[in-house]
Every structure is written in structure tokens, then in C-alpha cells.
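Single-letter residue listing:
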Amino acid sequence: MTWTKQMPANPVVAVAGATGAVGQEFLRVLHDLDFPASEVRALASARSAGKKVPFAGCGQVPAGELTVQEMTPASFEGVDIALFSAGSDVSQAMREAVTAAGAVMIDNSSAFRMDDDVPLVVPEVNPADVAWHNGVIANPNCSTIQMVAALKPLYDLSPIKRVVVSTYQAASGAGAPAMAELYDQTRAFLDGTPDDELTVSAFQHRIAFNCIPHIDKFLEDDSTKEEWKMVVETKKIMGDPAIQVAATCVRVPVLRCHGESINVEFADEVTVEAARAALEAAPGITVMDDPAACSYPMPGILAGTDGTFVGRLRRDPTVEHGLAFWNVADQIRKGAALNAVQIAELLLP
């Protein structure tokens, strides 16, 4: 079934998980894009009900504070768009209530991404897929979003046969407690605290001054679920099940922004010059690529920015038609909240 309800020009927006890191970013992005909302509701668990969250305003909603309401099935009456970042269990539990109320759920969790009846959308890549939603649209995994955003203009030059990607993923991708653990461990490590006395809870090992090649759980083939997401989500978003993807996902001691080293094999020859021109012309992509000036994307200078940044563009001589490049994106902005609000913009009349 395809959704037939007409979206109003000034929709009522609910932010589910409004007190979390991505929920807070939803509110900032709604302001930054001046989304034309007539009302914004902040929803969270019962323990957060009554709290005040700052909101800089958007559309017809003035700047000020939003009072957090407990999220219940009744919360979505009168809502047109529900931006969800409250975890897979909550999304699954609330799906029927959201769609029954006539709202469109844009979900940041992994709950529905691979469902056949749920579009998985990156607006710069497959915006037309929102047309066949039936009440739920999934936001892809953060590491997938920034990769496919950079792959799409290259794919338009020649079909992509194979992608090999290694990610360098920030601690904040595991949430606020993980960021706090990186801070605390770094201080303790520099103070000379022995490894066996460091508190390790957010990750499998010490994250300070370390890299951990383990994000999410291990699967039967010894890949991780994070790596599996990049494989299957890329095929779905790009609309090409023939694309082969080999991913290795690594957590690094960076606070915010994921980096990715990407090698691409094309069906036909794609020159560095043609690739650069395509990337420079692509929406949402910024090329930072001047080796002589040591200019390339880095997490330390790009936190809080929008879009995907590409650099270190060069030929890969190990395959017949190969290119290599590096990309960086703020995984809380483009990798989560910004992408979701951009999806919401696609729904507007």
C-alpha cells in the first residue's frame, strides 16, 4: 500500500527521543533548515516528562523552550511527521500508533531499514523512493549515509562493481556515555592510571589512545553487524544488488565525525579529473583535496558541519578501473538528524 494522505504545507512535527543526543540535534536541524512546522512536540520517556528543552524555533514555532511530554500512543494524534531516535524497541512499539494517527514516521533506528515495504533514503541519492512509503521511512546507518552520498555522483559516471571501505568511527556514535568514557579514560591515562584500573563500560576495550575493530555484535561469518549494515544498506539505497561491498568498521578515539577510507572499482574507466568534477557538482558534497597545502577532510575541524567532505582522491592501480578517496561527515548531523529532516522536506507539498 502506498501512502495517500496529503502532507500539509505547515506540518505538526513530533521529535521522539527529544532528550537524547540525536533528538537534540533534530531540534537544532529543524531550526537551521527553518523547517516550516506549525508545531513541534518534544517526546521522551516518562522519566523525562516535564523537562524543558531549548528550541531556537522554526517555521511558525517561536524560539523558547519545549516541555517534554511522555511518549504514549496518544502522543501522535494530530501529528504529521514523527522524527524518531528512541531505539529500535520503541520504534517498533510505536509504529502502529504513529501510522494509525496519519503521521509519517522517519526512523533513525535499524528496526525497519531492510523491510521490503520501507524506503531507506539518502535525499542526495534516492529521493524518489519516498514516493512509495506506507507510513514509515528509514534513515540509514550513519556510516552508510556518508559513503553512498559520495558514491552516487561516481556511480552516475560508471556502474560500481566493488567497494572496499574501512571506517574510523567517532566515540559519539555509541552515545553520550561513550563520549564521557573517552574523556574520562584520556584524563586517567595521562595521569598514569594503569590499564586494569580504567573504567571500561561503553566499549569492549579502552578507547583512549586505542582503536577497536569491533562495532555492534559479531555475526556467524565473523563480520560485525555494523559491517553488514554497510553491505546491505548500500545495495538497497543505490538500487543495485550487484554492488559488492567489503567493510571493516573501527571505533577510534575521536569525539565526533566518522572518517572512511574508500576504494571503488568501476565497470568502465573513470578518471580522477572526471570524478573530481562530478563530486564538486554533487549536492551535499564538499571536495577538500589539495595535497600540496595539506588540505583534506579531518574530524577535528568538521564537527557540527553538514554534508559529506571528500579528499585524497587518487587512482587505485590495483584494479583495472579503480579510484580511492577519503571522506568525513558528522555522523550526528548528516549521519542522523540532518538526513532525517531532509527526508521530511521531501514530503512537503
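The rules we used
Residues numbered from 1 in each chain as written. Predicted model: local features only at pLDDT ≥ 70, side-chain atom pairs only at ≥ 80, totals over all residues. Heavy atoms only, no water. Helix = DSSP H or I, 4+ residues; strand = E, 2+ residues; numbered from the N terminus. Rg over C-alpha atoms; globule rule 2.2 N^0.38 Å. Buried < 20%, exposed > 50% of the residue type's maximum accessible area, 1.4 Å probe, protein only. Contact = heavy atoms within 4.5 Å. Areas by Shrake-Rupley, 256 points an atom, 1.4 Å probe, with all protein chains shown as cover. Core = buried A, V, L, I, M, F, W, Y, C linked by side-chain atoms within 4.5 Å. Polar contact = N/O pair within 3.5 Å; in protein donor to acceptor, adjacent residues only side chain to side chain. Expected span 1.5 Å × (residues − 1). Bend = angle between axes of the 7 residues up to and from the residue. Axes fitted to C-alpha atoms, helices over the stretch in contact; angles between N-to-C directions. Parallel < 35°, antiparallel > 145°, perpendicular 65-115°, else oblique. Left-handed = near helix turned anticlockwise from the far one by under 90°. 1 Å grid on protein atoms, 1.4 Å probe; cavity = no way out; pocket = protein on both sides within 12 Å on 5 of 7 lines; lining within 4 Å. Points joined across faces, edges and corners; volume = space filled by probe spheres on them. Nonpolar A, V, L, I, M, F, W, Y, C, P; charged D, E, K, R; others polar.

Participant: Sorry if this is basic, but what is going on with the overall build of the protein chain here?
Facilitator: On a plain count of helices and strands, the protein chain comes out with eight helices and 14 strands. Computed over its C-alpha atoms, the radius of gyration of the protein chain comes to 20 Å, within 12% of the 20 Å expected for a compact globule of 349 residues. Oriented by its inertia axes, the alpha-carbon framework of the protein chain measures out at about 55 × 55 × 45 Å. Counting across all 349 residues of the protein chain, residues that qualify as buried make up 52%. The contacts in the protein chain between residues at least 6 apart in sequence include a share of 67% that link residues at least 24 apart. Accessible area of the protein chain: about 14,800 Å², with a carbon and sulfur share of 52%.

Participant: Looking at this structure, how should I read the nonpolar core?
Facilitator: Nonpolar side chains in soluble globular proteins tend to be buried together. In this structure, Phe76, Phe84, Leu151, Val163 and Phe325 are the most contacted members of the largest nonpolar core, which totals 53 residues. In terms of residue count, the dominant contributor to this core is helix H3 (residues 142-155) (seven residues). In terms of nonpolar packing, the next biggest core, distinct from the first, is built from 36 residues, Val53, Leu66, Ile137 and Leu338 among them.

Participant: When you look at the side chain of Arg206 in this model, what are you seeing that I'm missing?
Facilitator: Structurally, the position occupied by Arg206 is in the loop between helix H4 (176-190) and helix H5 (225-238). A polar contact is formed between the side chain of Arg206 and the backbone oxygen of Ala208, at a distance of 2.4 Å. Filtering out sequence-adjacent residues up to four positions away, Arg206 remains in contact with Gln185, Phe189, Asp195, Leu198, Val200 and Ile212.

Participant: What is the right way to read helix H8 (residues 333-347) from this model?
Facilitator: Because each turn of an α-helix spans 3.6 residues, side chains separated by three or four positions in sequence point in the same direction. Here H8 spans 19 Å end to end across 15 residues, near enough to the 21 Å set by a 1.5 Å rise per residue. The sharpest bend along H8 reaches about 40 degrees and sits at Asn339. Burial within H8 is extensive, with 13 of its 15 residues counted as buried.

Participant: Just to check I follow, could you spell out the packing of helix H1 (residues 21-32) against H8 for this structure?
Facilitator: Packed helices, taken two at a time, are described by the angle their axes make and the gap between the axes. At a closest axis distance of 9 Å, the pairing of H1 and H8 adopts a crossing angle of 55 degrees. Judged by the angle between their axes, H1 and H8 are oblique. Handedness of the crossing formed by H1 with H8: right-handed. Where H1 abuts H8, its residues Val22, Glu25, Phe26, Arg28, Val29, Leu30 and Asp32 lie against Arg333, Ala336, Ala337, Leu338, Ala340 and Val341.

Participant: Honestly, the layout of surface pockets in this entry has me stumped. Any pointers?
Facilitator: A probe as big as a water molecule, rolled over the atoms, marks out the empty space that is left. Taken as a whole, the largest pocket spans an internal volume of roughly 830 Å³. Along the walls of the largest pocket sit 36 residues, with Asn108, Ser172, Gly173, Ala174 and Gly175 positioned nearest its centre. Of all elements in the fold, only H1, H4, H5 and H8 reach the threshold of two or more residues within the lining of the largest pocket. Sorting elements by how many residues they give to the lining of the largest pocket places H5 first, with three residues. Of the residues belonging to the lining of the largest pocket, the class tally is 13 nonpolar, 17 polar and six charged.

Everything listed here is a matter of coordinates, which is why it stays silent on function.
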